[in-house]
Amino acid sequence: QVKGEGKNGFAFFDQSSRELLDRRTSLGHGLRHALSRNELEMYYQPQVDTSTHRLVGAEALIRWNHPTRGLVLPREFMPYAEEHELIPAISEWMIDALCCDMQRWSRADNTLKLSLNLSPHYLDRGKIYDKLRSAMLHHDISPNRIEVEITENISKSNPQHAIDQLKRLGQLGVSIAIDDFGIGYSSLAYLHRFPVDTIKIDQSFIKAIVEDDAQYPVVLAIISIARGLGLHLIAEGVESEVQVRYLRAHGCTVMQGHLFHRPMPIDEFIATIGGKAT
Ligand code: C2E
Ligand code: MG
Ligand code: MG
Ligand code: MG
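Computed from a predicted structure; not experimentally measured.

Trainee: So what's going on with the pattern of salt bridges? Which residues, and what values?
Mentor: Here the structure, examined in full by the defined rule, presents 6 salt bridges. For lysine 200, the salt bridge goes to glutamate 59, with nearest N and O atoms at 2.9 Å. Taken as a pair, lysine 200 in strand β7 (residues 198–201) and glutamate 59 in strand β2 (residues 54–66) lie far apart in primary sequence, 141 residues in all. In this structure, lysine 200 and glutamate 59 share a single accessibility class: buried. Measuring nitrogen to oxygen at the nearest pair gives 2.7 Å for the salt bridge that ties lysine 200 to glutamate 149. Taken together, the positions of lysine 200 in strand β7 and glutamate 149 in strand β5 (residues 146–150) put the pair 51 residues apart, joining distant regions of the chain. Neither residue differs from the other here; lysine 200 and glutamate 149 are each classed as buried.

Here is the structure:
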C-alpha cells in the first residue's frame, strides 16, 4: 500500500509498506513452487446448526505451510496468485484435494456438506463445471453434498461464462452460496441471475452485534430477504453468545465462527465429526 504522496507527485513507502512489499514479493516467488512441493493444505471450519447442536457442513479454507514463515493465510497470498496467473492451477489442485478429503471423512459421516470458495478469476475463465464434475465422479461424491461460495466480485471479465458455469453446476445438483452477503454493490441483483441456495451474512454485520437489547436492522433485513426468498442462511464470524442469542431470536440458526470451531486440518476435522457434538 502506498502511504502518502510527495508534493512533486512521487509516491514513497513508509517502513511497514516496504516490509509488506518485500514479504509479498518473496512469498510470490515461493508460491510458484508451493504446488509442486505440496505446501498447500485445506483446512475445514465446521458449520453448526444451533437449534439441534449438530454439525451440518464445513467450509474449506486454503492455507500455505510456508517452509520458513509457517502458516500463511489466503488474504496474504491469494492476491499474488491472481497477479501471476496461478489461480487456475491452485483452484484445480484445491478441487482434487477437497474431494479426496471428503471421501475420507464420508466414512465417519456422509451427510455433512462441503462448502468451497471459488476465485472470481477461475469462475470467469476456468472450467469449473468440468473440473468439479470429474472430481466428484472420481471420488464418488454426490453433487448435493457440495456447495460453491461466490462473492459479488465475479463477472468482471466474462460474466456470461461465469453465469453459465454456475447454472450448469446448479442443474447437476451442486448448491450455490453468496459469500460476504451485503457488502458488495450487487448482492440483490445476483439473486435472480442464477439459482442461489444460500446466503452467508458477512462477518462485519455479525461483529456489530454486541449488546443484548440493541437492534441490528441490517441483520434483520438480510434474514428477512432469505426468508422471503426461501433461501438457507448462515451467519459467519460468530464469536460471542450475544450474537448467538440475537441471531437465534430472529430465526438464523446455522452459524460458523470461532465460538464453535476454528478452521482445522483434515485429521482434526475427522476427529471432531467422530465426536459429532458441537
Ligand atoms: P471467507 O470465505 O469469507 O472465509 C471466512 C473467513 O473468516 C476465513 O478466513 C475464516 O478463517 C474466518 N473466520 C471464521 N470464523 C471466524 C470468527 O469467528 N472470527 C473471525 N475474525 N474470523 C473468522 P481465511 O481462512 O483467512 O479466509 C479468508 C478469505 O480467503 C475467505 O473468506 C475466502 O474469500 C478466501 N479463501 C479461503 N480459502 C480459499 C480457497 O480455497 N479458494 C479461494 N479462491 N479463496 C479462498
Ligand atoms: Mg482465519
Ligand atoms: Mg467463504
Ligand atoms: Mg465470508
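Trainee: If you had to explain the environment of glycine 257 to someone new, which residues and values would you point to?
Mentor: Structurally, glycine 257 can be placed in the loop between β9 (254–256) and β10 (264–265). Distance from glycine 257 to glycine 57, taken between C-alpha atoms, is 13 Å for residues 200 residues apart in sequence. Excluding anything up to four places from it in sequence, glycine 257 contacts Gln45, Gly237 and Val238.

Trainee: If you had to explain unusual backbone geometry to someone new, which residues and values would you point to?
Mentor: One non-glycine residue with positive phi stands out, namely asparagine 38, at about 65 degrees. As for its placement among the helices and strands, asparagine 38 is situated in the loop between α1 (15–34) and β1 (40–49). Taking the relative accessible area as the measure of exposure, asparagine 38 reaches 60% and is therefore exposed. Positive phi values are uncommon outside glycine, yet glutamate 85 reaches one of about 60 degrees. Position of glutamate 85 among the secondary structure elements: in the loop between α2 (74–83) and α3 (87–105).

Definitions and limits used
Residues numbered from 1 in each chain as written. Chains lettered and ligands numbered in written order. Predicted model: local features only at pLDDT ≥ 70, side-chain atom pairs only at ≥ 80, totals over all residues. Heavy atoms only, no water. Salt bridge = Lys/Arg side-chain N within 4 Å of Asp/Glu carboxyl O. Helix = DSSP H or I, 4+ residues; strand = E, 2+ residues; numbered from the N terminus. Buried < 20%, exposed > 50% of the residue type's maximum accessible area, 1.4 Å probe, protein only. Contact = heavy atoms within 4.5 Å.

Such coordinate-based values are descriptive only and should not be taken to indicate function.
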